[in-house]
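Structure assessment
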Amino acid sequence: MDNGTDPTNLVSIPSLAYRIKDAIRAVMGPGTVVLSEPILMGNEWLYIKECLDTCCVASAGRFVEKFEADLVQFTGSKHAIAVVNATAGLHVSLRLVGVTSNDEVLVPAMTFVATANAVSYCGAIPHFVDIEPVTLGIDAVALRDYLYENTEQRSRQCINRRTGRRIKALVPMHTFGHPSNLDLLLSVAHDFNLELVEDAAESIGSFYGEQHTGTFGKFGVLSFNGNKSITTGGGGAILTSDAKLAGKARHLVSTAKVPHEWEYRHDEIGYNYRMPNLNAALGVAQLEQLPQILAAKGCLFEKYEREFSLISEVNLLKEPPGAKSNYWLQTLVLSPDQRHERDQILQITNKSGLMTRPAWVPLYRLNPYEASPRMDLSQTDYWYDLLINIPSSTSFDKH
Ligand SMILES: *Cc1c(COP(=O)(O)O)cnc(C)c1O
């Protein structure tokens, strides 16, 4: 049967996969539909042309500073440092909160691999924690219990009793743009002497209460990769409210070069992580359109909500109460008894030109992280089977 009908039903109802495919089609229209592509309808050409006309494509030019100032304005962060990508931004942020070799860092088991990789770049070890269903972010309540049972405080440091290693930091991630429960996470970080660094790669334009995500921890890191809500081609930004740390971050991402008229002197091992002017030019143009993009993402959610309200076996993931999500990726949540349909849904939608994706394979199952310490991850495993990201691109004319 390739029309998806069940021959044993007298009134044949198309299988769930076909109904989902039709619902996505009804919203997105014909043709190939990707998961998330950028909207480039503003001053991108103009600003890139300025870079080319003035020969300022790399470190010289006005756009990096302008982009950083615009980010400060939009997020309310005191400082923003533009970098080559969010992974690099996380690496530097973790280093600057004092994560060093052989430390452990708490990260959600359900996140993009970059969160854990940035920990590894510091020579540290990701320690995986479980998620909760409302935000799909770290379950702060379960984490608190786990830390009470498994750690002890020695001279104001959180020591993992099992491994003897120091747990230095906590890295929440705002899944698909939905803000994690930052109040609870901040209190866990405070009570256990952990530094909080937010992986806000997916959450530009998302607010917890009235405050922009990425501005709660000592550092927060945004991504402007091509598939994110706004893009610089590749790129990221480090946010911090601490002037001293901002200065250190700026120094470290610019090869730790001591400012001087002509001399090349570097006072520590730095990184070449600074965002080029060309990318920042894109970023300035993109940021100008962000309010419209966010409005379009909200509209898209409402359209999907109308279509999927007719399909009782699935729900759409909604922004958590008290928070404003950017709805970066729209997410279907299958009812538990439909978990075995997930792969068929993925197959049928992708085959018909609608790009859909499951959530990330939980990181503790990946080769490089099989031996990493972890708490009970049953929520992560449970939700992994039920989540499907559906096409989430917006354009101003269509929605
Ligand atoms: C995209 C993403 C990153 C990495 O961003 P890059 O800019 O591509 O390095 C990190 N963490 C999460 C959760 C992401 O979604």
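Residues numbered from 1 in each chain as written. Predicted model: local features only at pLDDT ≥ 70, side-chain atom pairs only at ≥ 80, totals over all residues. Heavy atoms only, no water.

Re the pattern of salt bridges
This structure, assessed with the given rule, holds 20 salt bridges. Notably, a salt bridge pairs Arg 95 with Glu 268, separated by 3.4 Å at the nearest N-O pair. Of this pair, Arg 95 sits in helix α4 (residues 86-96) while Glu 268 sits in the loop between α8 (243-253) and α9 (277-308), and the two are 173 residues apart along the sequence. Note on Arg 95: relative accessible area 31%, which makes it partly exposed. What emerges from the salt-bridge pattern is a single network uniting Glu 68, Arg 250 and Arg 274. (Salt bridge = Lys/Arg side-chain N within 4 Å of Asp/Glu carboxyl O. Helix = DSSP H or I, 4+ residues; strand = E, 2+ residues; numbered from the N terminus. Buried < 20%, exposed > 50% of the residue type's maximum accessible area, 1.4 Å probe, protein only.)

Digging into the packing of aromatic side chains
On inspection of all chains with the given rule, the structure shows 11 aromatic pairs. Seen from their ring centres, Phe 67 and Phe 224 are 5.1 Å apart, and the 65° between their planes marks the pair as edge-to-face. Of the two residues, Phe 67 sits in helix α3 (residues 63-75) while Phe 224 sits in the loop between β10 (219-223) and β11 (236-240), which places them 157 residues apart along the sequence. Ring centres 4.4 Å apart and planes at 25° place the aromatic pair Phe 301 and Tyr 327 in the stacked group. Highlighted residues: Phe 301 in helix α9 and Tyr 327 in the loop between β13 (323-324) and β14 (330-334), separated in sequence by 26 residues. (Phe/Tyr/Trp six-rings, centres within 6.5 Å; stacked < 30°, edge-to-face > 60°.)

Concerning the environment of Cys 56
Residue placement: Cys 56 occurs in the loop between α2 (44-54) and α3. For Cys 56 and Leu 186, which are 130 residues apart along the polypeptide, the C-alpha to C-alpha distance reads 41 Å. When sequence neighbours within four positions are dropped, the list of residues in contact with Cys 56 reads Cys 51, Gly 61 and Asn 277. (Contact = heavy atoms within 4.5 Å.)

Remarks on the site of the ligand
With respect to spatial proximity, 15 residues lie near the ligand, and among them Ala 86, Thr 87, Glu 202, Ser 223 and Lys 228 are the closest. Interatomic distance of 2.8 Å between a side-chain N/O atom of Ser 223 and an oxygen atom of the ligand. Every element with two or more residues in the shell around the ligand is listed here: α4 and α5 (113-121). Here the residues of the shell around the ligand sort into five nonpolar, seven polar and three charged. (Near = heavy atom within 4 Å. Polar contact = N/O pair within 3.5 Å; in protein donor to acceptor, adjacent residues only side chain to side chain. Nonpolar A, V, L, I, M, F, W, Y, C, P; charged D, E, K, R; others polar.)

Considerations on the packing of helix α1 (residues 16-28) against helix α10 (residues 342-351)
It is the contact of α1 with α10, at a shortest axis distance of 9 Å, that shows an interaxial angle of 45°. When the axis of α1 is compared with that of α10, the two are oblique. Note that α1 runs across α10; the crossing there is right-handed. Seen from α1, the contacting residues are Leu 16, Ala 17, Tyr 18, Ile 20, Lys 21 and Ile 24; seen from α10, they are Gln 344, Ile 345, Ile 348 and Thr 349. Looking at side-chain class alone, the contact of α1 with α10 contains seven nonpolar, two polar and one charged residues. (Axes fitted to C-alpha atoms, helices over the stretch in contact; angles between N-to-C directions. Parallel < 35°, antiparallel > 145°, perpendicular 65-115°, else oblique. Left-handed = near helix turned anticlockwise from the far one by under 90°.)

Thoughts on α2
Every buried residue of α2 is accounted for by Glu 44, Tyr 47 and Cys 51. What you see down the axis of α2 is that its buried residues fit within an arc of 85°, all on one side. Those residues of α2 that are exposed and angled more than 90 degrees off the buried face are Trp 45, Leu 46, Leu 52 and Asp 53. Buried residues along α2 sit against α3 and α9. Among the residues trailing α2, Cys 55 stands out with phi positive, at a value near 70°. (Arc of directions from axis to C-beta.)

Keep in mind these numbers describe shape, not what the thing actually does.
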